[in-house]
Amino acid sequence: MAQVPPVDSTLGYEQARDELIEVVRSLEAGGTTLEESLALWERGEALAKVCRRWLDGARARLDAALAEPSDEGGAERA
């Protein structure tokens, strides 16, 4: 089976996204064996999970920030 290095779970969002784009390009271009395509697909899935973790974390941080009471304009002006 084609060897694809494991995905580093410490990749930043942009790094994982850029590598995922390259994986998709390779798959769309074709010219790979079935085993190579499967290995690329599996890598793409792992990269997508890294991206999803980053996006989920960003969403949680945004939701938490929006849920906090704002110090700016705390009291309504009369």
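Above this text you will find the structure in question.
To start, this report covers the structure provided alongside it.

**Structural notes on the overall build of the protein chain**
- Looking only at helices and strands, the protein chain has two helices and zero strands in total.
- The burial tally for the protein chain puts 15% of its 78 residues in the buried class.
- Across the protein chain, every contact between residues at least 6 apart in sequence was considered, and the portion connecting residues at least 24 apart equals 79%.
- Summed over its atoms, the accessible surface of the protein chain is roughly 6400 Å², and 54% of this surface lies on carbon and sulfur atoms.

**Focus: the nonpolar core**
- If you look at the biggest cluster of nonpolar residues, it comprises seven residues: L11, A16, V23, L40, L47, V50 and C51.
- Mapped by element, the contributors of at least two residues to this core are helix 1 (13-29) and helix 2 (34-67).
- In terms of residues, this core owes the most to one element, helix 2, which gives four residues.
- Residue contacts for A16: discarding those within four places in its chain leaves L11, L47, V50 and C51.

About the criteria used
Residues numbered from 1 in each chain as written. Predicted model: local features only at pLDDT ≥ 70, side-chain atom pairs only at ≥ 80, totals over all residues. Heavy atoms only, no water. Helix = DSSP H or I, 4+ residues; strand = E, 2+ residues; numbered from the N terminus. Buried < 20%, exposed > 50% of the residue type's maximum accessible area, 1.4 Å probe, protein only. Contact = heavy atoms within 4.5 Å. Areas by Shrake-Rupley, 256 points an atom, 1.4 Å probe, with all protein chains shown as cover. Core = buried A, V, L, I, M, F, W, Y, C linked by side-chain atoms within 4.5 Å.

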